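Residue-level structure breakdown
Each chain, written out:
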Amino acid sequence: MSFTPQFFTTAESLVDSLDKKLLVVLRDGRKIIGVLRSYDQFANLVLQDSLERIYVGDAYGDIERGVFIIRGENVVLLGEIDGEVEDELPLRQLPIQDIMEMQREEAEAKAHKDKLRLHLLHKQGFSVDFADHDLY
């Protein structure tokens, strides 16, 4: 008789991730890295020694967050970090001030590109007046 492993799709599946370093992607796009210390039936998480990592291109910066509590409904993605693979990634760590400046420049460039795109769409007869207010 063969044993078929069971895969849990509930918060109970987090038991294997306790005391491991995790990357959590939140609904607002933030990426939090920390050690999972606790969770509950709603997948609310408690991360210890956490940091918020901001990626821009091939660089990243970290903001220390300490103990971080995450409401389960805000989790989009959760995964264990392999320390050996993390050290070999072709990313460079920069001071957070430089990353924030690069992120601001990237956002400004995207806003300019979107403005040009909307202007072209408007010239072709598309209604684009809702773009600033529509969140979907």
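The text that follows walks through the structure, step by step, so that each part is easy to find. Note that this is a predicted model, so its numbers are computed, not measured.

1. Focus on the pairing of strand 1 (residues 21–26)
- Of the pairings in the sheet, the one linking strand 1 to strand 2 (residues 31–39) comprises five bridges and is antiparallel in character. Note on strand 2: the bridge partner recorded for Lys21 is Val35.
- Connecting the antiparallel pair strand 1 and strand 2 is a turn made up of four residues, with Gly29 showing a positive phi of about 95°.
- In this sheet, strand 5 (residues 75–80) lies alongside strand 1 in antiparallel orientation, the contact comprising five bridges. Within strand 5, the position partnered with Leu26 by the bridge is Val75.

2. A closer look at the side chain of Ser17
- Relative to the helices and strands, Ser17 is located in the segment before strand 1.
- Judged by its relative accessible area of 14%, Ser17 falls in the buried class.
- Setting aside anything within four residues of it in sequence, one finds Ser17 in contact with Leu22 and Leu36.

3. What to know about the sheet that holds strand 5
- Reading across from one edge, 5-1-2-3-4-6 is the order of the six strands in this open sheet, with mixed pairing throughout. With one partner strand each, in any of the chains shown, strand 5 and strand 6 (92–93) form the two edges of the open sheet.
- Pairing of strand 4 (residues 59–70) with strand 6 involves two bridges; the strand directions are parallel. In the sheet register, Tyr60 faces strand 6, and the bridge partner there is Gln93.
- Running over the sheet, helix 2 (residues 96–123) touches strand 3 (45–56) and strand 4 and is turned about 60° from strand 3.

4. Comments concerning a negative patch on the surface
- A surface patch of negative charge is lined by Asp82, Glu84, Asp87 and Glu88.
- Relative to the helices and strands, Asp82 is located in the loop between strand 5 and helix 1 (83–88).

Cut-off values and rules
- Residues numbered from 1 in each chain as written.
- Predicted model: local features only at pLDDT ≥ 70, side-chain atom pairs only at ≥ 80, totals over all residues.
- Heavy atoms only, no water.
- Pairing = 2+ DSSP bridges.
- Helix = DSSP H or I, 4+ residues; strand = E, 2+ residues; numbered from the N terminus.
- Buried < 20%, exposed > 50% of the residue type's maximum accessible area, 1.4 Å probe, protein only.
- Contact = heavy atoms within 4.5 Å.
- Axes fitted to C-alpha atoms, helices over the stretch in contact; angles between N-to-C directions.
- Patch = residues over 30% accessible without salt bridge, like charges linked within 9 Å, V, L, I, M, F, W, Y side chains within 5 Å.
- Areas by Shrake-Rupley, 256 points an atom, 1.4 Å probe, with all protein chains shown as cover.
- Salt bridge = Lys/Arg side-chain N within 4 Å of Asp/Glu carboxyl O.
- Lys, Arg positive; Asp, Glu negative; His and termini not counted.
- Charge placed at Lys NZ, Arg CZ, Asp CG, Glu CD.

Spatial relationships are all this shows, so hold off on functional conclusions.
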